[in-house]
Amino acid sequence: MSRVIHSYPIPFVENITMPAHWARWLSGRGFKNPSLFAEAEALDAMTPITWDFARHGKAPWMQFFYDWRFADLDGDGAMDFLLTGGAQVQIAYHQDGRVLWEYHDETAGFMDIRLDSNFPVADNLVCARKVDGVLNLCLVDARDGGLVKSILYPGMDLRPNDFRGSIILTDLSGVGKPTDVLVSWDYHFIAAFDRGLNFLWQRELTHESGRTHVTMGHTPFTADIDGDGRAEILAGSCLLDHDGKTLWVAPDLPALVRDKHADSVRIAALDDGEPLRLFMSTGGYCFSLDGNLLWGHDELKHGQAMHIGKIRADVAGRQVVI
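Quick notes on the rules
- Residues numbered from 1 in each chain as written.
- Predicted model: local features only at pLDDT ≥ 70, side-chain atom pairs only at ≥ 80, totals over all residues.
- Heavy atoms only, no water.
- Helix = DSSP H or I, 4+ residues; strand = E, 2+ residues; numbered from the N terminus.
- Rg over C-alpha atoms; globule rule 2.2 N^0.38 Å.
- Areas by Shrake-Rupley, 256 points an atom, 1.4 Å probe, with all protein chains shown as cover.
- Salt bridge = Lys/Arg side-chain N within 4 Å of Asp/Glu carboxyl O.
- Buried < 20%, exposed > 50% of the residue type's maximum accessible area, 1.4 Å probe, protein only.
- Pairing = 2+ DSSP bridges.
- Axes fitted to C-alpha atoms, helices over the stretch in contact; angles between N-to-C directions.
- 1 Å grid on protein atoms, 1.4 Å probe; cavity = no way out; pocket = protein on both sides within 12 Å on 5 of 7 lines; lining within 4 Å.
- Points joined across faces, edges and corners; volume = space filled by probe spheres on them.
- Nonpolar A, V, L, I, M, F, W, Y, C, P; charged D, E, K, R; others polar.
- Phe/Tyr/Trp six-rings, centres within 6.5 Å; stacked < 30°, edge-to-face > 60°.
- Lys NZ or Arg CZ within 6 Å of the ring centre and 35° of its normal.
- Patch = residues over 30% accessible without salt bridge, like charges linked within 9 Å, V, L, I, M, F, W, Y side chains within 5 Å.
- Lys, Arg positive; Asp, Glu negative; His and termini not counted.
- Charge placed at Lys NZ, Arg CZ, Asp CG, Glu CD.
- Contact = heavy atoms within 4.5 Å.

Colleague: Go over the overall build of the protein with me, naming the residues and quoting the values.
Modeller: Along the protein, the regular secondary structure elements total four helices and 23 strands. A globule of 322 residues ought to have a C-alpha radius of gyration of about 20 Å, and the protein, at 20 Å, matches this closely. In terms of its C-alpha atoms, the protein occupies a principal-axis envelope of roughly 55 × 50 × 50 Å. Surface accessibility of the protein: about 15,000 Å² in total, with carbon and sulfur atoms responsible for 52%.

Colleague: Describe the pattern of salt bridges, and please don't skip the residues or the numbers.
Modeller: Side chains that carry opposite charge are capable of pairing whenever their charged atoms lie near each other. For the structure on display, the rule yields 13 salt bridges. Note that E41 is salt-bridged to R24, the shortest N-O span being 3.6 Å. Of this pair, E41 sits in helix 2 (residues 34–41) while R24 sits in helix 1 (residues 20–27); the two residues are 17 residues apart in sequence, bridging distant segments of the chain. Notably, a salt bridge pairs R143 with D141, separated by 2.7 Å at the nearest N-O pair. Judged by its relative accessible area of 12%, D141 is buried. Where salt bridges share partners, they join R114, D116, R164 and D186 into one cluster.

Colleague: I'd like a rundown of the sheet that holds strand 7 (residues 124–131), residues and numbers included.
Modeller: Across the sheet, three strands lie side by side as 7-8-9; this open sheet has antiparallel pairing. Two strands close off the open sheet at either side, each with one partner strand: strand 7 and strand 9 (147–152). With strand direction ignored, the average angle separating the axes of adjacent strands in the sheet is 30°. Pairing analysis gives five bridges linking strand 8 (residues 134–141) to strand 9, with the strands arranged antiparallel. Residue pairing for strand 9: C138 is matched across the bridge by S150.

Colleague: Would you mind going over the layout of surface pockets in detail, with residue names and values included?
Modeller: There is about 1,300 Å³ of room inside the largest pocket. Lining the largest pocket are 39 residues, with R164, D186, H218, D263 and Q304 positioned closest to its centre. Among the secondary structure elements, those contributing two or more residues to the lining of the largest pocket are helix 1, strand 3 (67–71), strand 10 (165–170), helix 4 (254–259) and strand 18 (265–268). Looking at the lining of the largest pocket residue by residue, the classes come out as 13 nonpolar, twelve polar and 14 charged. Every residue lining the second largest pocket is counted, 17 residues in all, and those nearest its centre are V13, E14, N15, Q88 and E106. If you tally residues by element for the lining of the second largest pocket, the top one is strand 1 (residues 15–19), at three residues.

Colleague: Provide a residue-level description of the sheet that holds strand 21 (residues 293–295), including the pertinent values.
Modeller: With antiparallel pairing, the four strands of this open sheet are ordered in space as 18-19-20-21. One side of each edge strand has no neighbouring strand; the edge strands of this open sheet are strand 18 and strand 21. Strand-to-strand, the axes of this sheet are offset by a mean angle of 30°, without reference to chain direction.

Colleague: Can you break down unusual backbone geometry residue by residue, with the values?
Modeller: In this structure, D132 is a non-glycine residue whose phi angle is positive, near 55°. With a phi close to 80°, K260 is a non-glycine residue in the positive phi region. Mapped onto the elements of the fold, K260 is located in the loop between helix 4 and strand 18. Taking the relative accessible area as the measure of exposure, K260 reaches 54% and is therefore exposed.

Colleague: I'd like a description of the packing of aromatic side chains, backed by residues and values.
Modeller: Centre distance and the angle of the planes are the two values used to describe a pair of aromatic rings. Inspection of every chain in the model, using the stated rule, returns nine aromatic pairs. Aromatic pair W22 and W25: ring centres 6.0 Å apart, planes at 75°, arrangement edge-to-face. Here W22 pairs with W25, and both are found in helix 1, just three residues apart, close to one helical turn. For W22, a relative accessible area of 10% translates into the label buried. What makes W25 partly exposed here is its relative accessible area of 45%. Taking the ring centre of Y103 as reference, the NZ or CZ of R129 above it sits at 3.6 Å.

Colleague: Lay out a positive patch on the surface in plain terms, naming residues and giving numbers.
Modeller: Together, R29, K32, R258, K260 and K301 make up a region of like positive charge exposed at the surface. Looking at where K301 falls in the secondary structure, it is placed in the loop between strand 21 and strand 22 (307–309). Exposure remark for K301: the relative accessible area of 48% places this residue in the partly exposed category.

Colleague: Give a detailed account of helix 1, specifying residues and quantitative values.
Modeller: Residues spaced three or four apart along an α-helix point in a common direction, a consequence of the helix completing one turn every 3.6 residues. In terms of burial, helix 1 is a largely internal element, six of the eight residues being buried. All of the buried residues along helix 1 are A20, W22, A23, R24, L26 and S27. If you follow the buried residues of helix 1, they end up packed against strand 1, helix 2 and strand 2 (48–52).

Taken by themselves, the reported measurements are silent on function.
In structure tokens:
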């Protein structure tokens, strides 16, 4: 039996301003809203339109459009909780339920960066905030929420229409721990910075090597696969070296072409002592490190998330759950 230790109030998103093509897609599908659909249908694709709870009812994700991070924020040895909501809100909770600090920006919105964008925590929170009205990539003191350093958010002139970003920490420099910062926009762009937000390199990743499918997916995954102490990067269906150079790109496999991209990716071994493999949730594809397809399921479309671990005691090795 489980029990609730603490509960935390999550702010409800009363309205979301989004591109008209997003509102058309959402209000014409599971969250059917004929009036909003008609409003959006009359607008150009990228014209902003607001889905307002009081007028239109609940839009997808209004009640949980956030991302959670877990780290010892105040240095007392206990794991704390950080709620992030794009550039609009960040709230840090102590494990006993106390609010350590909170940040709100009423001027920020969905069309700056999506509320569910991925921000990591190390010594600092690495996140998006608006500074002087412009979206910035920020180092934020995890203890009190204060701004440590900021630079213009990379790739703003190259980002697609999705507005979902991702930031992860990795070791591109070979220092033995993940201190470098990888910043990406869904389906399109990736850039690397050191721990001080000094620029290392950037790549535009859309259609590599003549592929039909979009080769840049969602959040990249990294691991040192060649033993040089520096992480390689699986970004969608592209494997990149630590300096951003392409090592290989997955071919136009049926599930990738049909779904247009690889949603969730991992680098893992399926048993102790076995070599690392590269996995894509779309198609359930498994590749060797040099890009040879080992197995997959062409009929498996749009796997949104993937976990690799020991799930069943009666089956040897680790299992892949999509």
